[in-house]
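As a plain string of letters, each chain reads:
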Amino acid sequence: MDQLCVPLHLQGTGAMSRPRTLRVDYDRSVAVLCVVGSELHVTLSRSAPPNSKFFSVKCTPNVQYSISPPPQDTPHLSPIPLSGNSVLLISMRHASQHENDSKLSVRYYAENKDVLGKAILHLTALEISLDVDTDRDGVVENDNPNKGSWKWGPSGHGAILLVNCDSERKYWKKPDREQDFVSKVSDLKDMSVMVLRTKGPSKLPEGYKLTMHISQGDAESVRVFRATSGAEYNSLVHSLYYNFVKNYPLVLSSENLSQEVPYIGGVQEMNFYVEGLRFPDKDFDGLVSISLSLLEPISAGLPETPIYTDRVVFRVAPWIMTPNTLKPLEVFVCSTRDNYHFLKGMKSLTEKTGHKLRICHEYMNRGDRWMQDELEFGYIDAPHHQFPVVLDSPRDGKLMDFPYNELLGPDFGYVTRVAHRRDVSSMDSFGNLEVSPPVCVNGKNYPLGRIIIGVAFPTATKGRNMTQVVQDFLWAQKVQEPIALFSDWLLVGHVDEFMTFVPAPDRKGFRLLLASPDAGYKLFRSLQNDGHGQAKLFEGCLDETHITVDEILEDETLQSENNYVQSCIDWNRDVLKSELGLDDMDIIDLPILFKLEGDSEDEYRAVAYYPDMVNMIVLGKTLGIPKPFGPKVNGRCALEAEMCSLMEGLGLSCTFIDDFTSYHKLLGEVHCGSNVRREPFEFKWWNLEM
């Protein structure tokens, strides 16, 4: 039985969001579907009979309404004056159990209060909520008010999506994102859960339907699968394909921007699995949105119109690099015909530190020993899952198949960027890609550190640069804002030839190590002053001419070349101090000399004069350093002694590895020939203040 409802404006409740204009006519009954939490707006004058001056409203208990603008005080049960801008705002308290189980009526009166007509609404209420893990705790909560936006920071909000770049298959594999079906249930953990929660009658009114949809732009970055219910697939015997594929049908993709989703009735939850397809990049900010709309039929032959839309927003998790200060997990090196001494040294080092050593044998590396140059380890992270991801460089040497064939697998992702131009240079190798430990610069925190790349000097006209597609990718990740250093002065051109980071127990928790010709000359002059001018470099190196400390100090050309090198390093030193917030006390200069050699274009660039000790591998508190073969004093290499003295004050131990013939002579060192996968940061990237 109809009741005279207490209007919302008299209850002190404010107007709700998501208003929908509703057209009604007097002397007609209209069936209306309304979503709980939304509001229907009826312009009363549009539906009123001619000469109407007053109106009244009655409704059943599940219906609530208000009038805008609020009418003047009117005696209880008396008709309300009708003005030209009177709007009836209708909402529903809770979901209906049956179709048309609620009613609202509006009566119109003449000046003398005679009834002129009556408009009747038969209302069905439906609860709909498309939900995600908006508060980032690993649980999909119910109708979070912030689910339609994304905000950085510990008090921020917004769901997170992983790029499904691993492979559930170990053989005949390819990244899962390259196939538009769920091949294994284990693949679902790489996706983000999205839940459609509905409550209402057993079925929707005739012609109404629910549709999920995405934009054309977002469809390139995301796919959506649906978990089917037992009611839909209740056979007792399923094939594997049926279980894995048919039970998770594809809902949205670049080929299908919208699709009807079933309404089951009653109180139901339906799970969807959202799959990220690509990382943030120059043309993609990482944000995607997915919408669910309730469509209303108009008439046969005409398209339905949306009467309610719910929307959720995801941000695709960035690829994150790991600095030397994080705990090592495993070490990667190559085995070649001529690197026995290096490999022996690396095995001894990892046995000492207790880390796993993975060796890429020659059938795979085909003689390409530069493990650092081919790839960079990182990871991706979301509240529900985390796994390592290798970034494959565009250098594509003979080691090019290793990242894909040997690393890609279950919970080990793969990503690469293909250069738009053919003339990929040495600058595109990932010895030219490093990352700092966490820093604070002028009050701005970088809790995940900052990426460091090497490029040509800003004023250079013929300089070499890291290819733009890789630079664009690194910048687009946002959470480790890159720093560009000048490294084109080096023949190989990599930043790891003159800098690295090591852990430290004090100050900022690390030290920046820089190659320093000035420190090298200072050490050699000290040796000369102490009577060791005839001590020789390169003793013990096959087919290498020995040279004395005196001869080095007498070589004016070498001194001039090292003055140039020192000026290049000093330029980078100033950049690093400014961009990482460092003081001179945070920097240690290592005694390393360089020499200039001509390249294929008759331009002169620098190479290390003796094994470049800064090009080391950092395994916790143990350093694997290129054996420098420096001048010996009392039977001990003076360069090794100086290095140990500098590092031992930080609680670090030095292990010197012979890489002279198999790496140094080929213009690389220990770091160039190895790679380390490390533990992820404890800090969660979404808590960054941006």
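Residues numbered from 1 in each chain as written. Predicted model: local features only at pLDDT ≥ 70, side-chain atom pairs only at ≥ 80, totals over all residues. Heavy atoms only, no water.

S.K.: Can you lay out the overall build of the protein for me, pointing to particular residues and giving the numbers?
M.R.: A tally of helices and strands in the protein yields 13 helices and 42 strands. Structurally, the protein occupies a C-alpha span of about 120 × 60 × 45 Å along its principal axes. Relative to its full complement of 690 residues, the protein shows a buried share of 56%. Long-range pairs, those at least 24 residues apart, make up 74% of the contacts in the protein between residues at least 6 apart in sequence. Carbon and sulfur atoms make up 48% of the accessible area of the protein, which totals about 29800 Å². Here the protein carries 70 positive and 93 negative side-chain charges, and the mean point of each set is 6 Å from the other. (Helix = DSSP H or I, 4+ residues; strand = E, 2+ residues; numbered from the N terminus. Buried < 20%, exposed > 50% of the residue type's maximum accessible area, 1.4 Å probe, protein only. Contact = heavy atoms within 4.5 Å. Areas by Shrake-Rupley, 256 points an atom, 1.4 Å probe, with all protein chains shown as cover. Lys, Arg positive; Asp, Glu negative; His and termini not counted. Charge placed at Lys NZ, Arg CZ, Asp CG, Glu CD.)

S.K.: Tell me about helix α12 (residues 556-580), and name the residues and values.
M.R.: The end-to-end C-alpha separation of α12 is 35 Å, in line with the 36 Å expected for 25 residues at 1.5 Å each. Along α12, the residues that are buried comprise Leu558, Glu561, Asn562, Val565, Gln566, Cys568, Ile569, Asn572, Arg573, Val575, Leu576 and Leu580. At the N-terminal boundary of α12, the capping side chain belongs to Asp555, with an oxygen 3.1 Å from the backbone nitrogen of Thr557. Of the residues one or two after α12, Gly581 is the one with positive phi, at around 65°. (Expected span 1.5 Å × (residues − 1). Polar contact = N/O pair within 3.5 Å; in protein donor to acceptor, adjacent residues only side chain to side chain.)

S.K.: For the sheet that holds strand β10 (residues 159-161), give the residues involved together with the corresponding values.
M.R.: Spatially, 5 strands are ordered β10-β18-β17-β12-β15 in an open sheet, and the strand pairing comes out mixed. This sheet does not close on itself; its edge strands, each paired only once, are β10 and β15 (258-261). Taken pair by pair, the neighbouring strands of this sheet meet at an average axis angle of 35°, ignoring direction. (Pairing = 2+ DSSP bridges. Axes fitted to C-alpha atoms, helices over the stretch in contact; angles between N-to-C directions.)

S.K.: Pulling in residues and values, what's your account of unusual backbone geometry?
M.R.: The linkage connecting Ser68 with the following residue, Pro69, adopts the cis geometry, with an omega of -10°. The topology assignment puts Pro69 in the loop between β5 (63-68) and β6 (80-81). Of note in this structure, Asp27 is not a glycine but carries a positive phi near 60°. Relative to the assigned elements, Asp27 resides in the loop between β1 (19-21) and β2 (28-35). One non-glycine residue, Lys478, lies in positive phi territory at about 75°.

S.K.: Lay out the side chain of Arg417 in plain terms, naming residues and giving numbers.
M.R.: Here Arg417 lies in the loop between β24 (413-416) and β25 (433-435). A distance of 2.8 Å separates polar atoms of two side chains, one belonging to Arg417 and the other to Asp281. Contacts of Arg417, omitting those with residues within four sequence positions, involve Phe279, Asp281, Asp392, Pro394, Val469, Val470 and Phe473.

S.K.: Break down the sheet that holds β25 for me, citing the residues and quoting the values.
M.R.: On the basis of which strands lie adjacent, the open sheet formed by 3 strands has the order β25-β28-β29 and mixed pairing. On the outer flanks of this sheet lie β25 and β29 (483-486), each paired with one strand and no other. Each strand of the sheet is rotated relative to its neighbour by a mean of 35°, with strand direction disregarded. α12 rests against β28 (451-455) and β29 of the sheet, and its axis sits at about 165° to β29.

S.K.: Explain the nonpolar core to me, using residue names and the numbers behind them.
M.R.: In a soluble, globular protein the nonpolar side chains are often hidden away together inside. Residues Met194, Met212, Ile290, Leu294, Phe314, Leu474 and Trp685 are the most contacted members of the largest nonpolar core, which totals 72 residues. The biggest single contributor to this core is strand β18 (residues 305-316), with 6 residues. Not counting chain neighbours up to four residues away, the residues in contact with Phe314 comprise Val132, Trp150, Ala159, Ile160, Leu161, Ser192, Met194, Val274, Gly286, Leu287, Val288 and Ile290. By size, the runner-up hydrophobic cluster in this structure holds 69 residues, among which are Tyr446, Ile452, Phe538 and Ile587. (Core = buried A, V, L, I, M, F, W, Y, C linked by side-chain atoms within 4.5 Å.)

S.K.: Kindly report on the packing of helix α10 (residues 517-529) against α12, identifying the contributing residues and their values.
M.R.: Close contact between α10 and α12 brings their axes to 8 Å; oriented N to C, the two are set at 135°. On the basis of their axis angle, the class for α10 and α12 is oblique. Of the residues in α12, those touching α10 at Pro517, Asp518, Tyr521 and Arg525 are Leu558, Gln559, Asn562, Val565, Gln566 and Ile569. For the contact of α10 with α12, the residue count by class is 5 nonpolar, 3 polar and 2 charged. (Parallel < 35°, antiparallel > 145°, perpendicular 65-115°, else oblique. Nonpolar A, V, L, I, M, F, W, Y, C, P; charged D, E, K, R; others polar.)

S.K.: Go over helix α9 (residues 468-476), please, and point to the residues and values.
M.R.: Where burial is concerned, most of α9 is hidden: 7 out of the 9 residues are buried. Turning to α9, its buried residues number three or more, namely Val469, Val470, Gln471, Asp472, Phe473, Leu474 and Ala476. Where the residues of α9 are buried, they touch β23 (385-392), β24, β25 and β28.

S.K.: Would you mind going over the packing of aromatic side chains in detail, with residue names and values included?
M.R.: Under the criterion given, the structure shown has 25 aromatic pairs. Measuring from ring centre to ring centre gives 4.9 Å for Phe457 and Phe486, while their planes differ by 65°; the resulting arrangement is edge-to-face. A residue pair is termed long-range when its members are at least 10 positions apart, and Phe457 in the loop between β28 and α9 and Phe486 in strand β29 qualify at 29 residues. The exposure class assigned to Phe457 is partly exposed, which follows from its relative accessible area of 28%. Three or more aromatic residues joined by ring pairs form one cluster here, namely Phe524, Phe538, Tyr609, Tyr610, Phe629 and Phe660. (Phe/Tyr/Trp six-rings, centres within 6.5 Å; stacked < 30°, edge-to-face > 60°.)

S.K.: I'd love a proper account of the side chain of Asp612, names of residues and values included.
M.R.: Topologically, Asp612 is positioned in the loop between β36 (604-608) and β37 (617-619). One buried charged residue, Asp612, forms no salt bridge at all, with the nearest opposite charge on Lys595 at 13 Å. Apart from the residues lying within four places of it in its own chain, the contact partners of Asp612 are Glu497, Ile592, Phe594, Pro626 and Glu669. (Salt bridge = Lys/Arg side-chain N within 4 Å of Asp/Glu carboxyl O.)

S.K.: How would you explain the confidence of the model for the protein if you had to name every residue and give the values?
M.R.: A residue-level look at the protein finds 94% of positions with pLDDT of 70 or above and a mean pLDDT of 92. Every residue in residues 6-16 scores below 50 in pLDDT, and together they form 22 contacts with partners more than four places removed in sequence or on other chains. A low-confidence stretch, residues 230-242 stays under pLDDT 50, and its non-local contacts, those more than four residues away or across chains, total 10 contacts. (pLDDT = per-residue confidence, 0-100.)

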